[in-house]
Amino acid sequence: MQSGFAQLKKLRGKSLSEIGVRGLQELAKMSERLLGTRELSEAALRREIQAAARTTAFLPALAHRSAIAQLMSERFAAERATIIERAERARRGRFDLLGIQDLSFGLPIDWHLEPRAGKRTPLDHWSRIAYLDTEVAGDKKITWELNRCGHFVTFGQAYWMTGDERFAAAFVEQATAWMDANPVGRGINWASSLEVSFRAIAWLWALHLLSDSPALDAAFVARLLKCLIAHGRHIEKYLSTYFSPNTHLTGEALGLFYLGAALPELRRAAGWRATGLRILLEQLPIHLRTDGVYFEQTTYYHRYTVDFYLHLTMLARVMNLTLPVEVETRLSAALDYLMWTTRPDGHASLVGDDDGGRLIQLGARSADDFRDTLATGAALLSRGDWKFVAGTAAAETLWLLGPEALTRFDAITAQPPASNAQAFAESGYFVMRDGWAAAASYAVIDCGAHGVQSCGHAHADQLAFEFAARGKTWLVDPGTFTYTGDREMRDWFRSTAAHNTVTVDGEQQSTTAGPFAWAQIAEPLARWFFEARGAVYFEGAHNGYERLTDPVTHRRALLFVRADDAALPSYLIVRDRFEARAAHRYAARYHFAAGCMATAQSHVISATSAEGQLSIHAFGSSAAAARIESGWVSRAYGERQPAPVAVIESEGAGRQALVTFIVPANGSISCTGDGSAFLLSSGDTLDLIITGDSTSDQLKAQAEMAMARFVNQRLTRACLVRGRRIEIANTLTLADASLIDFAEITVADDALEITIHGTSRFELSFSQPPRSVVVNGARFSVVRECANVAFALGESGWTLTDRA
């Protein structure tokens, strides 16, 4: 690590406030290194304690031990067994941490060991430990995860459910060993204030869950209090106000608030509560944008942030502390985002970095399953749509909020969200679905800022997406795997080639400059997002390849065609366009979920899994060729599985296009095309699709994209994207002299229903007029003899202006 004097030099050019904070922190480090640190004396502990009467339990669950133990047996028997088994293994020194199973740190536990790399950090002052250097610390995340002491909470849960004193004894033994091995301020486990904060929260939970055990004698409790006071003092002294003002800062603030709420007898408690609350309220509008999305553009850290503010809300209610309305408003929006990015299989889309950790683990769901948080949010804020997506009550809700919260959760009427598409436009995420059932199809698209500050948790993933069909997740973001444990893997997992997007000439959209920094970043532009009953359309672009000697602009559009009663399932059309002058090599990659098998032949990829089949058909301005390469998928930090990657390559000069159909496959589906006109068919259903100003036998359009569906040779629906005219089978024409952003036409029972955006006037021509036309919900009768009608949008809505 850099010396204090080197750190002080970095203060040049900073604000006075930053200079003051960083300067005081550097002076504190130097003072600790020179004078040392020590555990509080008995007299000092007595001075820290003031007379304060505790009126309520600081956690709602603490007053309901017998009820919680009974409910865990009756409603959460499987999780009960998992928690107890996990506690038994932790008692024996075996741990499942992050995505890594059955880790051992030795017996007795070596709290400074990284067992995978075999690295043990020294017991120097924390500021002298180069924890980012793999030669010194290996992957520090693994060491830190053990030292968050989350398993101490598991000991407490197991003790509550079984009454077995061995779990209380294990807590006392391991906590004592930790304090012996980690003197205040020395060693890697004091090097991150966030880690100190998470550990303090875990210790507070364990202390209160195990407080009635005779194993926790007065001497142990006194020493634990001394160490908790040291934790609080360390956090407030070394807050990440300027170092990492992201989840580090808010997590540290939550730790201070927890200490102040759980230990009101301490002289510092009120100050810790005030500092923690102030920071959490100040950072709320910074960390959560108005659309509810966490500002670092990563779903895992978004979940962390939601948990922070859920815990704050819970603690505030117990303390009868009124929070500003903005807390619930932003928290609700953030939970909405978690809901929307929950895939049909119940797992979360992992966009950006995933560090694998948890604020506190009270249940037994996997790290990429965020539904416990949704269930707790539903119980706390009474939301039926969150309950619907969460599916069932969560053990975590019971432990956090107590039995009454389960009663509230059960009383909520579960209902699916009212819509099937959502734009988180400020943050650049767009979600398409055909429903909310377990067998639904789903896509989430990333067209947001690369990140904030140094963009440390970003990936080079502009215009990437995930896709699930009929409940099966097929195309995924491969995840993160590691931060500092393996430099090559760190760079691969956050590269463009590791995402469902396009590389140009083998280059990445954004280039790295270290494990948490970037030398060059791609800037995105989300252009369009439209939804109608049968289709959802997205279009965006980025400038990541405009830095090339011959600049290339990448534009990507996705048309999600929803299933109806016809034979074709919901499917996805991906159109990539490249604006350039010279010749370039383009490679679109599609990363399959682990467990899939894939083969390639010519321009077609065929994938299978236990749940079904998927086909990918690619057509380019220049010949497109498909192949399969090996990749990885990591669903939790430290874990990875091999998975196939479909690569579709083409090469050409000037303006180029690549159109890809992603279809849940069976033997009856056919997909053909010539580069701009395409046909998808199954049984008696035929979809015609054209891109650009193009023509097929039954479909003509002047548009970015157009589609028409025929069932038994009869038109049932059509859509036009960013165009002026669509003509279908010489029977129906929709046109406007100006540009129409999006239009969908549905034909049923001698009536037309039109959803239209981005124009104030259009004309319809018929070979056989319908009985009625509905325009954006307004119904109009059409005279049978009319061959042409015109509609205009006025102040009072759409009107029928002309018949001919």
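Below: a short report on this structure.

Each value, and the rule that gives it
Residues numbered from 1 in each chain as written. Predicted model: local features only at pLDDT ≥ 70, side-chain atom pairs only at ≥ 80, totals over all residues. Heavy atoms only, no water. Helix = DSSP H or I, 4+ residues; strand = E, 2+ residues; numbered from the N terminus. Rg over C-alpha atoms; globule rule 2.2 N^0.38 Å. Buried < 20%, exposed > 50% of the residue type's maximum accessible area, 1.4 Å probe, protein only. Contact = heavy atoms within 4.5 Å. Areas by Shrake-Rupley, 256 points an atom, 1.4 Å probe, with all protein chains shown as cover. Lys, Arg positive; Asp, Glu negative; His and termini not counted. Charge placed at Lys NZ, Arg CZ, Asp CG, Glu CD. Polar contact = N/O pair within 3.5 Å; in protein donor to acceptor, adjacent residues only side chain to side chain. Phe/Tyr/Trp six-rings, centres within 6.5 Å; stacked < 30°, edge-to-face > 60°. Core = buried A, V, L, I, M, F, W, Y, C linked by side-chain atoms within 4.5 Å. Pairing = 2+ DSSP bridges. Axes fitted to C-alpha atoms, helices over the stretch in contact; angles between N-to-C directions. Parallel < 35°, antiparallel > 145°, perpendicular 65-115°, else oblique. Left-handed = near helix turned anticlockwise from the far one by under 90°. Nonpolar A, V, L, I, M, F, W, Y, C, P; charged D, E, K, R; others polar. Salt bridge = Lys/Arg side-chain N within 4 Å of Asp/Glu carboxyl O. Disulfide = S-S within 2.5 Å.

### Some points on the overall build of the chain
Part 1 of the reasoning: For the chain, the count of helices and strands is 20 helices and 36 strands.
Part 2 of the reasoning: Here the chain has a C-alpha radius of gyration of 29 Å; the compact-globule value for 804 residues is 28 Å, and the two agree.
Part 3 of the reasoning: Its C-alpha atoms give the chain principal-axis dimensions of roughly 100 × 60 × 50 Å.
Part 4 of the reasoning: Taking all 804 residues of the chain together, 61% fall into the buried category.
Part 5 of the reasoning: Sequence-distant contacts in the chain: of pairs separated by 6 or more residues, those separated by 24 or more amount to 63%.
Part 6 of the reasoning: Working note: accessible area of the chain is about 29700 Å², and carbon and sulfur atoms make up 50% of it.
Part 7 of the reasoning: Of the side chains in the chain, 81 bear a positive and 89 a negative charge, and the two mean positions are spaced by 5 Å.

### Here we look at the side chain of Glu744
Part 1 of the reasoning: Tracing the backbone shows Glu744 in strand β30 (residues 732-748).
Part 2 of the reasoning: Within polar-contact distance, the side chain of Glu744 engages the backbone nitrogen of Arg533 at 3.0 Å.
Part 3 of the reasoning: In this structure Glu744 touches Ala532, Arg533, Gly534, Ala535, Arg717, Ala718, Cys719, Glu753, Ile754 and Thr755, once residues within four positions along its chain are discounted.

### Here's the deal with the packing of aromatic side chains
The way to describe two aromatic rings as a pair is by their centre distance and the angle between their planes.
Part 1 of the reasoning: Tallying each qualifying case throughout the model produces 37 aromatic pairs.
Part 2 of the reasoning: A ring pair is formed by Phe619 and Phe678, whose centres lie 5.1 Å apart and whose planes are at 55°; its orientation type is tilted. In this pair, Phe619 is assigned in strand β20 (residues 612-620) and Phe678 in strand β25 (residues 677-682), connecting sequence segments 59 residues apart. Across the pair, exposure class does not vary: Phe619 and Phe678 are buried alike.

### Focus on the nonpolar core
Looking at soluble globular proteins, one finds that nonpolar side chains tend to be buried together.
Part 1 of the reasoning: If you look at the biggest cluster of nonpolar residues, it comprises 155 residues, and the most contacted ones within it are Phe171, Trp205 and Tyr258.
Part 2 of the reasoning: In terms of residue count, the dominant contributor to this core is helix α10 (residues 193-209) (12 residues).
Part 3 of the reasoning: Not counting chain neighbours up to four residues away, the residues in contact with Trp205 comprise Leu59, Val153, Tyr258, Ile360, Leu362, Trp399 and Leu400.
Part 4 of the reasoning: One finds Ala421, Leu548, Val633 and Ala646 within the second-largest nonpolar core, a separate group that totals 47 residues.

### Remarks on the side chain of His591
Part 1 of the reasoning: Mapping His591 onto the fold places it in strand β17 (residues 583-591).
Part 2 of the reasoning: Take His591: its relative accessible area is 1%, and that puts it in the buried class.
Part 3 of the reasoning: There is a polar contact of 2.8 Å between the side chain of His591 and the backbone oxygen of Ala497.
Part 4 of the reasoning: Sequence-distant contacts of His591, that is, excluding residues within four places in its chain, are made with Trp474, Leu475, Val476, Pro478, Trp492, Ala497, Ala498, His499, Asn500, Pro644 and Val645.

### Remarks on the sheet that holds strand β21 (residues 625-633)
Part 1 of the reasoning: If you trace the 4 strands from one edge of the open sheet to the other, you get β10-β17-β22-β21, paired in antiparallel fashion. Either end of the sheet is taken by a strand with one partner, and the two such strands are β10 (502-504) and β21. On average, adjacent strands in this sheet sit at an angle of 30° to one another, irrespective of strand direction.

### So, the packing of α10 against helix α12 (residues 247-262)
Part 1 of the reasoning: The N-to-C vectors of α10 and α12 enclose an angle of 30°; their axes lie 8 Å apart at closest approach. Comparing their axes, α12 and α10 come out roughly parallel. When you trace α10 past α12, the crossing you get is left-handed. Packed against α10, whose contacting residues are Ser193, Leu194, Ser197, Phe198, Ala200, Ile201, Leu204, Trp205 and His208, the element α12 presents Thr247, His248, Gly251, Glu252, Leu254, Gly255, Tyr258, Leu259 and Ala262 at the interface.
Part 2 of the reasoning: Grouping the amino acids of the contact of α10 with α12 by side-chain chemistry returns 10 nonpolar, 7 polar and 1 charged.

### Focus: the sheet that holds strand β5 (residues 421-424)
What links the strands of a sheet is backbone hydrogen bonding, and the strands pair in either a parallel or an antiparallel sense.
Part 1 of the reasoning: Pairing is antiparallel across the open sheet formed by 5 strands, whose spatial order is β5-β6-β7-β8-β9. Every interior strand has two partners, whereas the edge strands, β5 and β9 (472-475), have only one. Recorded for the sheet is a direction-independent mean angle of 15° between the axes of neighbouring strands.
Part 2 of the reasoning: The pairing of β5 with strand β6 (residues 429-433) spans 4 bridges and is classified as antiparallel. What sits directly across from Ala423, in β6, is Phe430.
Part 3 of the reasoning: Of the strands in this sheet, β5, β6 and β7 (442-446) are in contact with helix α15 (residues 325-340), which crosses β5 at around 130°.

### A word on the packing of α10 against helix α11 (residues 218-237)
Part 1 of the reasoning: Between α10 and α11, the shortest axis-to-axis distance is 9 Å and the interhelical angle comes to 150°. It follows from the interaxial angle that α10 and α11 lie roughly antiparallel. Crossing of α10 against α11: the hand is left-handed. Packed against α10, whose contacting residues are Ser193, Val196, Ser197, Arg199, Ala200, Trp203, Leu204 and Leu207, the element α11 presents Leu224, Cys227, Leu228, His231, His234 and Ile235 at the interface.

### Examining the pairing of strand β34 (residues 778-781)
Part 1 of the reasoning: Pairing of strand β33 (residues 772-775) with β34 involves 4 bridges; the strand directions are antiparallel. Considered in β34, the bridge of Val774 is made with Arg779.
Part 2 of the reasoning: Between β33 and β34, which follow one another and run antiparallel, lie 2 residues, and Asn776 among them has a positive phi close to 50°.

### Quick notes on the pattern of salt bridges
Part 1 of the reasoning: This structure, assessed with the given rule, holds 54 salt bridges.
Part 2 of the reasoning: Notably, a salt bridge pairs Asp110 with Arg120, separated by 2.8 Å at the nearest N-O pair. Taken together, the positions of Asp110 in the loop between β2 (100-104) and β3 (113-114) and Arg120 in strand β4 (residues 119-120) put the pair 10 residues apart, joining distant regions of the chain.
Part 3 of the reasoning: A relative accessible area of 18% places Asp110 in the buried class.

### Examining the state of the cysteines
Part 1 of the reasoning: One pass over the full model with this rule turns up 0 disulfides.
Part 2 of the reasoning: A disulfide-free cysteine, Cys149 has its sulfur positioned 9.4 Å from the sulfur of Cys227, the nearest such atom.
Part 3 of the reasoning: On the basis of relative accessibility, which here comes to 0%, the residue Cys149 falls in the buried class.
Part 4 of the reasoning: Looking at the unpaired Cys596, the closest cysteine sulfur is the one in Cys671, lying at 20 Å.

### Quick look at the environment of Gly357
Part 1 of the reasoning: Considering the arrangement of structural elements, one finds Gly357 in the loop between α15 and α16 (371-381).
Part 2 of the reasoning: Using a relative accessible area of 2% as the deciding quantity, one classes Gly357 as buried.
Part 3 of the reasoning: In this structure, the C-alpha to C-alpha distance between Gly357 and Tyr637, residues 280 residues apart in sequence, is 8.1 Å.

### Some words on the pairing of strand β24 (residues 669-673)
Part 1 of the reasoning: Pairing between β24 and β25: 5 bridges, direction antiparallel. Opposite Ile669, over in β25, you have Ser682 as the bridge partner.
Part 2 of the reasoning: Here β24 folds back onto β25 in antiparallel fashion, the turn holding 3 residues, of which Gly675 has a positive phi close to 110°.

### Let's talk about α16
Part 1 of the reasoning: Counting buried positions over the 11 residues of α16 gives 11, a clear majority of the element.
Part 2 of the reasoning: Listing the buried residues of α16 in full gives Arg371, Asp372, Thr373, Leu374, Ala375, Thr376, Gly377, Ala378, Ala379, Leu380 and Leu381.
Part 3 of the reasoning: The secondary structure elements touched by the buried residues of α16 are α14 (299-318), α15, α17 (384-390), α18 (395-401) and α19 (403-411).

### Structural notes on the environment of Ser454
Part 1 of the reasoning: Relative to the assigned elements, Ser454 resides in the loop between β7 and β8 (465-469).
Part 2 of the reasoning: When the C-alpha positions of Ser454 and Leu24 are compared, they lie 23 Å apart, and in sequence the two are 430 residues distant.
Part 3 of the reasoning: Setting aside chain neighbours within four positions, we find Ser454 in contact with Phe516, Ala517 and Trp518.

### Quick notes on unusual backbone geometry
With the exception of glycine, the majority of residues adopt a negative phi angle, and the majority of peptide bonds are in the trans configuration.
Part 1 of the reasoning: That bond from Leu107 to Pro108 is cis: its omega, -5°, falls within 30 degrees of zero.
Part 2 of the reasoning: Its place among the elements puts Pro108 in the loop between β2 and β3.
Part 3 of the reasoning: A positive phi angle, near 55°, is found at Leu98, a position not held by glycine.
Part 4 of the reasoning: Checked against the element boundaries, Leu98 lands in the loop between β1 (94-97) and β2.

In short, shape yes, function no, at least from these values alone.
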